[in-house]
Amino acid sequence: MNRTMMTATNTLNQLQSKIDQISNNIANVDTNAYKKTQTSFNDLLTQSFNNQPNESKEKGRLTAPGIRQGTGAMLSQSQLVLSQGAIKTTDRNLDAALTKEDQFFTVSVQDGKGVNTRLTRDGAFYLSPNADDPDQMMLVTSAGHKVLDENGEPILIAGNITDIKITEDGVLKVETEENGKESFGLGIVSVKKPQFLDRLGGNLLGLPENINRLDVNVDDIMTALTGASRNQIALRQGALESSNVDLSKEMSDLINVQRSYQFQSRSITMADQMSGLINGIR
């Protein structure tokens, strides 16, 4: 195949992945506490040809000697950006916004792979009846996932609730007619290596399935904030974190990628036309 076609085809596949990533960011611009993904490109294999062995004829040249021919570009890195999103006030007692970039709530998610612990920064919580005990209420996310406490257990509340609030250090304080005042420490972790987390849909993050085969400790990726370390928690009640997606930047990136896509497509068309001319020579 023509080298120009090969280079353009390789690059087109990667540009499509970049467009998909930008589209996902734009689609979640209004999702609570969504963290955008940014990608960067790198050259694939590059070959150098020494077309001028006589260096005396290259005096005054500013670029490196020879000709370098690449085979296209690839996405070299896809990075989760944990920068803080804007905080919007809701004045709702069960809304909580984390104000440190590396902190996440822990929730329990049941899917086709069983029951697993996932991470989210979406602090829009609700009370839902416990299916196993109608006299209990449990704290859940807007998607219905159980919110975990600092011991990794679902937060269950018995009795008629008269008052409920979340403190700045991540403690759910509840007052009921039957049991008086109770406190539950929300399960919160500090993520140090977000590059090891996978997006799992529904604004959730989690460890990859092959984590055991990676040369890294789970404790090095994230640390549960329990005991004395809970004083590191920074939380604001009655508020929610917005997405950290900058729509204007995403649209600018999309235009640039579309132009690159158009250029690579045009390269294939021109290479095909040149091949047609050569084949037409009699």
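Here's what I pulled together on the structure shown here. (Residues numbered from 1 in each chain as written. Predicted model: local features only at pLDDT ≥ 70, side-chain atom pairs only at ≥ 80, totals over all residues. Heavy atoms only, no water.)

### Looking at the pairing of strand 10 (residues 133-141)
In step 1: Here strand 9 (residues 125-130) pairs with strand 10 via 6 bridges, running antiparallel. Across the sheet, residue Pro129 finds its bridge partner in strand 10, namely Met137.
In step 2: Connecting strand 9 to the antiparallel partner strand 10 that follows it, the hairpin turn spans 2 residues.
In step 3: For strand 10 and strand 12 (residues 156-158), the ladder comprises 3 bridges, and the chain directions are antiparallel. The partner of Gln136 across the bridge, within strand 12, is Ala158. (Pairing = 2+ DSSP bridges. Helix = DSSP H or I, 4+ residues; strand = E, 2+ residues; numbered from the N terminus.)

### Focus: empty space enclosed by the protein
In step 1: Summed over all chains, the structure comprises 1 cavity of 30 Å³ or more.
In step 2: Estimated volume of the largest cavity: approximately 80 Å³.
In step 3: In the lining of the largest cavity, the residues fall into 7 nonpolar, 2 polar and 4 charged. (1 Å grid on protein atoms, 1.4 Å probe; cavity = no way out; pocket = protein on both sides within 12 Å on 5 of 7 lines; lining within 4 Å. Points joined across faces, edges and corners; volume = space filled by probe spheres on them. Nonpolar A, V, L, I, M, F, W, Y, C, P; charged D, E, K, R; others polar.)

### Structural notes on the layout of surface pockets
In step 1: What the largest pocket holds in volume is close to 240 Å³.
In step 2: Lining the largest pocket are 16 residues, with Asp111, Lys113, Asn116, Arg118 and Leu200 sitting closest to its centre.
In step 3: Where the lining of the largest pocket is concerned, the elements lending two or more residues are strand 7 (103-111) and strand 8 (114-120).
In step 4: The greatest single-element share of the lining of the largest pocket, amounting to 3 residues, is contributed by strand 8.
In step 5: Of the residues belonging to the lining of the largest pocket, the class tally is 6 nonpolar, 5 polar and 5 charged.
In step 6: If you add up the space inside the second largest pocket, you get close to 210 Å³.
In step 7: Together, 17 residues line the second largest pocket, and Thr106, Thr117, Ile188, Val189 and Ala224 are the ones closest to its centre.
In step 8: For the lining of the second largest pocket, the elements supplying multiple residues, two or more each, are strand 16 (188-191), helix 2 (218-221) and strand 19 (222-224).

### Notes on the sheet that holds strand 13 (residues 161-166)
In step 1: Read across the open sheet, the 3 strands follow the order 13-14-15; overall the sheet is antiparallel. Edge positions in the sheet fall to strand 13 and strand 15 (180-185), since each of these pairs with one other strand and no more. Averaged over all adjacent pairs, the angle separating strand axes in this sheet is 15°, with direction ignored.
In step 2: Taken together, the 6 bridges between strand 14 (residues 171-176) and strand 15 define a ladder with antiparallel strand orientation. Across the sheet, Lys173 pairs through a bridge with Ser183, a residue of strand 15. (Axes fitted to C-alpha atoms, helices over the stretch in contact; angles between N-to-C directions.)

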